[in-house]
Amino acid sequence: MEETDRVTKRTVYHERQRLWFCGQHTLNNLFQDKVFTKEQLDNIALKLAESTSSASSTRKTYFINPHKSVFEVGNYDINVLEMALKEKGLEVQWFDVRKDIRTVIQFTDATLFGLILNVPTIRFYLWKSYHWIAIKPFFKHDDEKSVEVFNLDSKLNNPEKFEDFEKVYKFLEYIVYHKNGNVFLVKASIKEEDS
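As annotated in an unreviewed UniProt entry, the protein chain carries the name ubiquitinyl hydrolase 1 and is attributed to Funneliformis mosseae. In UniProt, the protein chain has this text filed under Catalytic activity (unreviewed entry): "Thiol-dependent hydrolysis of ester, thioester, amide, peptide and isopeptide bonds formed by the C-terminal Gly of ubiquitin (a 76-residue protein attached to proteins as an intracellular targeting signal)."

Put into structure tokens, the structure is as follows:
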């Protein structure tokens, strides 16, 4: 679903939560299009499981896979998301909570594709699960210094634009230091040039 931000007239692509496919929705929201399907992410999860399984247990990895839900409802882990992003020429960097969030995450950095948050949640009052959230910076038209940042959480009815960077940093600090969540920076891969 696409939602137009009334102030900037920007059209922001936003997929809503369905079952536990927040990982798939997070990736598609970062790319601003339906780039990844359930089948593609299931195949990545299967490849990951097969690469770490013995030959005798390969058949079991199709049904019991440590990288996704056994119930076929998504719930992909970071390894699946990271491999999917790597296939698109992006890399994932884990935010080190010992560092200053305002120093490490610079929204005016042109190599920053977005952020992926992994937030613990309680499901049905019974068990702890994790929810993926996309945070996406958009450069304003023809201005490399002016950036708008959106919360593209698939549980939201619509994408939410942060008022300013300080609001984004406060939100990220809350996720990391109060919810015990993780932040992953998604950046363009920088290839070393041959000398």
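Asks: So what's going on with the overall build of the protein chain? Residues and values would help.
Replies: Each helix and strand in the protein chain was counted, giving 6 helices and 8 strands. Along its sequence from the N terminus, the protein chain presents helices and strands in the succession β-β-α-α-α-α-β-α-β-β-β-β-α-β. Taken across its 195 residues, the protein chain has 46% of its residues classed as buried. Long-range contacts, defined here as pairs at least 24 residues apart, represent 58% of the contacts in the protein chain between residues at least 6 apart. For the protein chain, the computed accessible surface area is about 11,500 Å², with 51% contributed by carbon and sulfur atoms.

Asks: Could you give an account of helix 1 (residues 22–31), naming the residues involved and the relevant values?
Replies: Along helix 1, 9 of the 10 residues are buried, which leaves the element largely enclosed by surrounding structure. Restricting attention to buried positions, one finds in helix 1 the residues C22, G23, Q24, H25, T26, L27, N28, N29 and L30. Positioned one or two residues after helix 1, Q32 has a phi angle of 60 degrees, which is positive.

Asks: Residue-level account of the environment of V97, with values.
Replies: Residue placement: V97 occurs in the loop between strand 3 (90–94) and helix 5 (101–104). The exposure class assigned to V97 is partly exposed, which follows from its relative accessible area of 43%. The spatial distance from the C-alpha of V97 to the C-alpha of V183 is 8.8 Å, given a sequence separation of 86 residues. When near neighbours in sequence (up to four residues on either side) are disregarded, V97 contacts V176 and Y177.

Asks: Explain the side chain of T26 residue by residue, including any values.
Replies: Tracing the backbone shows T26 in helix 1. Judged by relative accessible area, T26 falls into the buried class, the value being 1%. For T26, the side chain forms a polar contact with the main-chain oxygen of W132, separated by 3.2 Å. In contact with T26, not counting residues within four places along its chain, are I116, W132, I133 and A134.

Asks: Which residues make up the packing of aromatic side chains, and what values go with them?
Replies: As enumerated under the stated definition, the model contains 8 aromatic pairs in all. Here the aromatic rings of F107 and Y169 are separated by 5.6 Å at their centres, their planes lie at 45 degrees, and the arrangement is tilted. One end of the pair, F107, is in the loop between helix 5 and strand 4 (112–123); the other, Y169, is in helix 6 (residues 165–178), and 62 residues separate them in sequence. Both residues of the pair, F107 and Y169, count as buried. Measuring from ring centre to ring centre gives 5.6 Å for F162 and F171, while their planes differ by 50 degrees; the resulting arrangement is tilted.

Asks: Summarise the nonpolar core; cite the residues concerned and give the values.
Replies: Grouped together as the largest cluster of nonpolar side chains are 24 residues, with contacts concentrated most on L27, L41, L81, L85, I116 and W132. A total of 5 residues in this core trace back to one element, the largest contributor, which is helix 4 (residues 78–87). Beyond its immediate stretch of four places on either side in the chain, L85 contacts L27, F31, L90, V92, I116 and V186. Of all hydrophobic cores here, the second largest spans 20 residues; its members include F107, L117, V119 and F162.

Reading the values: the criteria
- Residues numbered from 1 in each chain as written.
- Predicted model: local features only at pLDDT ≥ 70, side-chain atom pairs only at ≥ 80, totals over all residues.
- Heavy atoms only, no water.
- UniProt positions renumbered as here; feature names shortened; annotations may be inferred.
- Helix = DSSP H or I, 4+ residues; strand = E, 2+ residues; numbered from the N terminus.
- Buried < 20%, exposed > 50% of the residue type's maximum accessible area, 1.4 Å probe, protein only.
- Contact = heavy atoms within 4.5 Å.
- Areas by Shrake-Rupley, 256 points an atom, 1.4 Å probe, with all protein chains shown as cover.
- Polar contact = N/O pair within 3.5 Å; in protein donor to acceptor, adjacent residues only side chain to side chain.
- Phe/Tyr/Trp six-rings, centres within 6.5 Å; stacked < 30°, edge-to-face > 60°.
- Core = buried A, V, L, I, M, F, W, Y, C linked by side-chain atoms within 4.5 Å.

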